[in-house]
Amino acid sequence: FMNLKKNIVTKKRRAVSQVIGALFALAIVATFGSVLFIQGVQGVENFTSFLNIFEETESKSAQEVFIIEHVKFNATTDANYDEEIDIWIRNTGKIDIIIDRISIVKINSQELIVSKEGINQNVFQKEVRQITLSSSDVTMPIVSCTCNDWEDVFNTEGSTEYRITVTTIRDKSVETVAGLFNS
């Protein structure tokens, strides 16, 4: 028995104990796990903020309700107003809108009569706003005569129709069709 006891006592252990090995493995896993967790949380936060911005923009765009109430192609003898077009826009929605672009296309020939961007005109709730497109914004349609004003175009072509498109800064657009002098 003595010999056996002596052998047990004299053995020296040189390996790492199981407790220290487990703590070392836990430290490595915790380090990598925390890095992955932080990246995951940041990714979720970025995605959530993107969804919030998208939802806010889309919901406001859905609340924009407006109509083109009237379009007037001015036919005056005054040289300064020959090519003007007046457009009345009524905001029937629950939020204010800002008109950004207006385009007018002659339907039968697809001629672009007006393409005006950056209008930046507020139309408040329940308000009707007149927007005047001056002669510098209007390209007269090409017809069989050299027409100087809308009356000349009407006398040459008759009741040609025009598609008017009004777009807000949130890309909500409304279209209507109008003839010269409401013909």
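Our subject is the structure listed above.
About the criteria used
Residues numbered from 1 in each chain as written. Predicted model: local features only at pLDDT ≥ 70, side-chain atom pairs only at ≥ 80, totals over all residues. Heavy atoms only, no water. Helix = DSSP H or I, 4+ residues; strand = E, 2+ residues; numbered from the N terminus. Buried < 20%, exposed > 50% of the residue type's maximum accessible area, 1.4 Å probe, protein only. Contact = heavy atoms within 4.5 Å. Pairing = 2+ DSSP bridges. Axes fitted to C-alpha atoms, helices over the stretch in contact; angles between N-to-C directions.

## What about the environment of asparagine 120?
Reasoning step 1: When you line up the elements, asparagine 120 lands in the loop between β4 (111–116) and β5 (121–123).
Reasoning step 2: Asparagine 120 sits in the exposed class, given a relative accessible area of 55%.
Reasoning step 3: Counting along the chain gives 21 residues from asparagine 120 to isoleucine 99, while the straight-line C-alpha distance between them is 5.5 Å.
Reasoning step 4: Those residues in contact with asparagine 120 that lie beyond four places of it in its chain are Ile98, Ile99 and Asp100.

## Describing the sheet that holds strand β1 (residues 66–73)
Pairing between the strands of a sheet is mediated by backbone hydrogen bonds and can be parallel or antiparallel.
Reasoning step 1: Read across the sheet, 3 strands follow the order β1-β2-β6 without closing on themselves; strand pairing throughout is antiparallel. Two strands close off the open sheet at either side, each with one partner strand: β1 and β6 (128–133). On average, each strand axis in the sheet is inclined to that of its neighbour by 20 degrees, with strand direction left out of account.
Reasoning step 2: Here β1 runs beside strand β2 (residues 85–91); their pairing, made up of 7 bridges, is antiparallel. Across the sheet, isoleucine 67 pairs through a bridge with arginine 90, a residue of β2.

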